[in-house]
Each structure stands twice: as C-alpha cells, then as structure tokens.
Amino acid sequence: VDEHCYNDSTFNCESHDDSTGVKRPPRSFDVVGDVALIHSGVPKNDINLSDQESNHVNESAYFATIGEAIMKKNKAIKVVALRTSALGGNERCCGESGIKIIAGNQRSPLITTHSEYGIKCVVDVERTFFSPRMGPERLRICQQVARGEKVLVLFSGCGMDALQIAGRTEACEVVAIELNPVAAECARRGQRMLSRNKGVKCPGAAERLTILEGDVLEILPKLERHSFDRVLAPRPKEGKMDGDLGAGDGGRAFLDVLLPVMKPSGGECHWYDFAASHELPACNRTAESIRRACDVVGCGMEIIHVASVGSVAKRQNRVCVDFRLIENR
Ligand SMILES: C[S@@+](CC[C@H](N)C(=O)[O-])C[C@H]1O[C@@H](n2cnc3c(N)ncnc32)[C@H](O)[C@@H]1O
C-alpha cells in the first residue's frame, strides 16, 4: 500500500465519537490528487445505524455520510467519488456516467493533479485510466533505466510512467504512445509541468519526452527498427475474461509490433499481462506467448523477472514479465 491507497491499516476510525455517525469508512479507496475514489459499493453495515434506521436510509445521504467522513479524516481531499461502473472500452475508463460525486465540490470535468514521489501528472478521473497503486512499480522500472537509454512507453495513459522516467532517469529519449486523446492531453499538460518542476533532478526532462497520440498498432511500424533499449507495455485488458480463463490472444498483436523496434541484442521489455491466480508465480502462458512472438521475428529471449503487480478482479492479476532479447546466432 503506497501513500495514495488507503486500507484499514492506514484509514481506521473504528471509534464512534464523531458526529457523522459513521462507524467505519470504506475499507479501501484510492487517492488521486485531491479526489478520493471508492471503487465499489460500500456495505451498509459499515455505517452505524440501527436496523430500523438503515431500512429507511436514503442512498445519497448514506454515501454523503461516508464521503464526509473521508474528507474529515484527510483535509487534502476535496472530492469523494464513487465508481459505479467497471472500466470499459479501449480507454479503460469508466466515463462520466460511471462516476458519482458523493461529497465535496461537484466538479465537472473531474480533473486533478496527482503527485507521485514529487512528479506531477494531470488525471481526468472520468475519461482516462490512472492507478496510483502502480507507483512502486513505476519506481522499480525507473531504477533499471541506465544513462543514455532510449525508452518507449506504450499505452501511456495520462503519462505518469513516461513522466517518471523522463524526470527521474538519464534516459536520452522517452517516447510515449497513447490512443485516448483526453489521456494524451493530460500527458502533455504533465510534460509542461515537468519543465517547471524544481524537484526534477535530471536536466531537460520535458525536452527528452515525446508524446505521440494514436494507435500503437499503427505508430510502431513507422518507428525506426531495432532502436529502443527498453519498452514498457502495460497492455489494455480485452474484456472481462481476459487473463481469467486465458481468453483472447494475450495481446499478441501488440507483441508483434513492439518486438521489431526493440534492440535485438539486449533490448528489454516490461510486458504487463493478465493472469489467473492459479497461473502465478510462473505465468507460463504469458512467457510462452512472448517466446512464440520472438520466434516469429527470429529473436531469442530470456525472462528476467516475473511478478504480480496487483489484482484487477477476483482471481485475476496484473502481472509483469520482464524479458530481454538475445540475438540468435
Ligand atoms: C491499462 S491503461 C494504462 C495506462 C497507463 N500506462 C497507466 O498505468 O496509468 C491502458 C491505456 O492504453 C490505451 N490504449 C488502448 N489501446 C491502445 C492502442 N491500441 N494504442 C495506444 N494506446 C492504447 C488506453 O487508452 C489506456 O490509456
């Protein structure tokens, strides 16, 4: 749990001494900038009302009570929102109708500035994907970037991965690609903030970053072959069952276009896939899919690291498989 995700251990007000009547706030929520985002319905027994009262409880009053309790506990939170629908579409967002503001300012559009280890990015909470829970993973990637590397960030969303790499490492060039125009615009705003951020230690961070708006499948074939030292590929989820029963092709089309732009000898890729819990820790299906795609382009590969980086649904995990290309002799 990092600084932007709260659970019982970080947000615990079991006592009943406040005037809101709340016994216990939601067990977990994310903090994105000044927005607290609750991901699912809160069980009604989390609120301290008698049975008779709870039968009559009005849903919006109930959620307003929850929201106000969260804001009372954390003064930096100005909006509490409830995500009422699952992430959908290519953009992996919930859309305007999938978010309900339950306390604080009724802001529309719901845009906020999120700071992660001192680097800021702009997030449109309704129309883009962003997860603060990936902060430690972003840091892990930054720690691997060596001076002078050329790094490609696919599916870059609001740009936090790319901004972290540009701001925190001595990569000579960082190229980010994102399809959703709203997310790409957030990333461009983050890039402008990067140039003004005194906390950024690596010079020329904003200038070293290029944001391309469009489809990875169309843009990658136009980029120079064999040119990137490192590729980050947090591929989007293809429907509900992706990763659960091994449905879909596991993002194979994306692998096919990204492998040719990697340096064939020593290029590294952080490939984010979806895997069912029974596939952990080895994630053989993912590893096999990468191996088959490498065979097609005539490259050898070695797996460097496999880890689960979070859960996306019951028994469905986001996994990262890091692999390195090795030139076949
Ligand atoms: C799971 S989100 C990851 C966003 C970002 N990396 C992050 O962690 O905050 C996947 C992103 O890929 C984008 N996307 C989906 N299909 C794409 C494609 N074919 N080309 C480029 N971007 C795409 C979506 O709009 C979304 O922002």
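Residues numbered from 1 in each chain as written. Predicted model: local features only at pLDDT ≥ 70, side-chain atom pairs only at ≥ 80, totals over all residues. Heavy atoms only, no water.

(A) Structural view of the overall build of the chain. Each helix and strand counted, the chain has 9 helices and 14 strands in total. Looking at the chain residue by residue over its 329 residues, the buried ones come to 51%. (Helix = DSSP H or I, 4+ residues; strand = E, 2+ residues; numbered from the N terminus. Buried < 20%, exposed > 50% of the residue type's maximum accessible area, 1.4 Å probe, protein only.)

(B) Representation of the state of the cysteines within the structure. The final tally for this structure, using the stated rule, is 0 disulfides. Cys142 supplies the cysteine sulfur nearest to Cys202, a cysteine that is in no disulfide, at a spacing of 9.3 Å. Its relative accessible area of 13% is what places Cys202 among the buried residues. (Disulfide = S-S within 2.5 Å.)

(C) Helix H4 (residues 160-168), seen in detail. Within H4, 8 of the 9 residues are buried, leaving the element largely enclosed by the surrounding structure. Listing the buried residues of H4 in full gives Met160, Asp161, Ala162, Leu163, Gln164, Ile165, Ala166 and Gly167.

(D) Just the pattern of salt bridges, in detail. By the definition in use, this model includes 22 salt bridges. Note that Arg188 is salt-bridged to Glu185, the shortest N-O span being 3.1 Å. Residue Arg188 and its partner Glu185 are located together in helix H5 (residues 181-196), separated by 3 residues, close to a single helical turn. Under the relative-accessibility criterion, Arg188 is labelled partly exposed at 25%. Using a relative accessible area of 32% as the deciding quantity, one classes Glu185 as partly exposed. Note that Glu268 is salt-bridged to Arg324, the shortest N-O span being 3.2 Å. Placement of the pair is Glu268 in strand E12 (residues 268-276) and Arg324 in strand E14 (residues 316-327), with a sequence separation of 56 residues. (Salt bridge = Lys/Arg side-chain N within 4 Å of Asp/Glu carboxyl O.)

(E) How the structure looks around the packing of aromatic side chains. The final tally for this structure, using the stated rule, is 2 aromatic pairs. Ring geometry for Tyr62 versus Phe63: centroids 4.9 Å apart, planes at 55 degrees, classification tilted. Of the two residues, Tyr62 and Phe63, both sit in the buried class. Taking the ring centre of Phe228 as reference, the NZ or CZ of Lys150 above it sits at 4.7 Å. (Phe/Tyr/Trp six-rings, centres within 6.5 Å; stacked < 30°, edge-to-face > 60°. Lys NZ or Arg CZ within 6 Å of the ring centre and 35° of its normal.)

(F) Seen up close, the nonpolar core. The biggest cluster of nonpolar side chains holds 43 residues, and the ones touching the most others in it are Leu110, Val153, Ile165, Val174, Leu194 and Leu209. Broken down by element, this core gets its largest block of residues, 5 residues, from H4. Looking at which domains feed residues into this core, each of domain 1 (5-108) and domain 2 (130-327) supplies at least three. Leaving out residues up to four positions away in the same chain, Ile165 has contacts with Ile141, Cys142, Val145, Val151, Val153, Ala171, Val174 and Leu232. Counting 28 residues, the second largest nonpolar core, distinct from the first, contains Val231, Met262, Trp271 and Cys299. (Core = buried A, V, L, I, M, F, W, Y, C linked by side-chain atoms within 4.5 Å. Domains from an automatic or database assignment. Contact = heavy atoms within 4.5 Å.)

(G) Seen up close, the site of the ligand. If you check the shell around the ligand, you find 18 residues, and the closest are Asn90, Phe155, Glu178, Asp215 and Val216. One of the backbone nitrogen or oxygen atoms of Phe155 is found 2.8 Å away from a nitrogen atom of the ligand. Here the ligand loses 96% of its free accessible area of 590 Å² to cover by the protein chains. Taken together, the residues of the shell around the ligand sort by class into 7 nonpolar, 5 polar and 6 charged. (Near = heavy atom within 4 Å. Polar contact = N/O pair within 3.5 Å; in protein donor to acceptor, adjacent residues only side chain to side chain. Areas by Shrake-Rupley, 256 points an atom, 1.4 Å probe, with all protein chains shown as cover. Nonpolar A, V, L, I, M, F, W, Y, C, P; charged D, E, K, R; others polar.)

(H) Region of interest: the packing of H4 against H5. Running from amino to carboxyl end, H4 crosses H5 at an angle of 20 degrees, the nearest separation of the two axes being 10 Å. When the axis of H4 is compared with that of H5, the two are roughly parallel. As for the relative orientation of H4 and H5, their crossing is right-handed in sense. Of the residues in H5, those touching H4 at Leu163, Ala166 and Gly167 are Gly190, Gln191 and Leu194. Here the residues of the contact of H4 with H5 are counted per class, giving 3 nonpolar, 3 polar and no charged. (Axes fitted to C-alpha atoms, helices over the stretch in contact; angles between N-to-C directions. Parallel < 35°, antiparallel > 145°, perpendicular 65-115°, else oblique. Left-handed = near helix turned anticlockwise from the far one by under 90°.)

(I) Inspection of the environment of Asp161 at higher detail. Mapped onto the secondary structure, Asp161 falls in helix H4. Along the chain, Asp161 and Ile141 lie 20 residues apart, while their C-alpha atoms are 8.7 Å from each other. Not counting chain neighbours up to four residues away, the residues in contact with Asp161 comprise Arg138, Val153 and Leu232.

(J) Broad picture of the side chain of Thr128. Looking at the secondary structure, you find Thr128 in the loop between strand E7 (119-124) and helix H3 (135-144). Look past the residues within four positions of Thr128 in its chain and what remains in contact with it is Arg92, Cys93, Val123, Cys158, Asn180, Val182, Ala183 and Cys186.

(K) Expanded view of the sheet that holds strand E9 (residues 173-178). As summarised here, the arrangement of the 7 strands in space is E10-E9-E8-E11-E12-E14-E13, forming an open sheet in which the pairing is mixed. Here the strands that pair on one side only, and so sit at the sheet edges, are strand E10 (209-213) and strand E13 (299-313). Within the sheet, the average angular offset between the axes of one strand and its neighbour, ignoring direction, is 20 degrees. Both E13 and E14 contribute to a ladder of 12 bridges, which runs antiparallel. The partner of Ala313 across the bridge, within E14, is Gln316. Relative to E12, H3 is tilted by about 155 degrees, and along the sheet it contacts strand E11 (230-234), E12, E13 and E14. (Pairing = 2+ DSSP bridges.)

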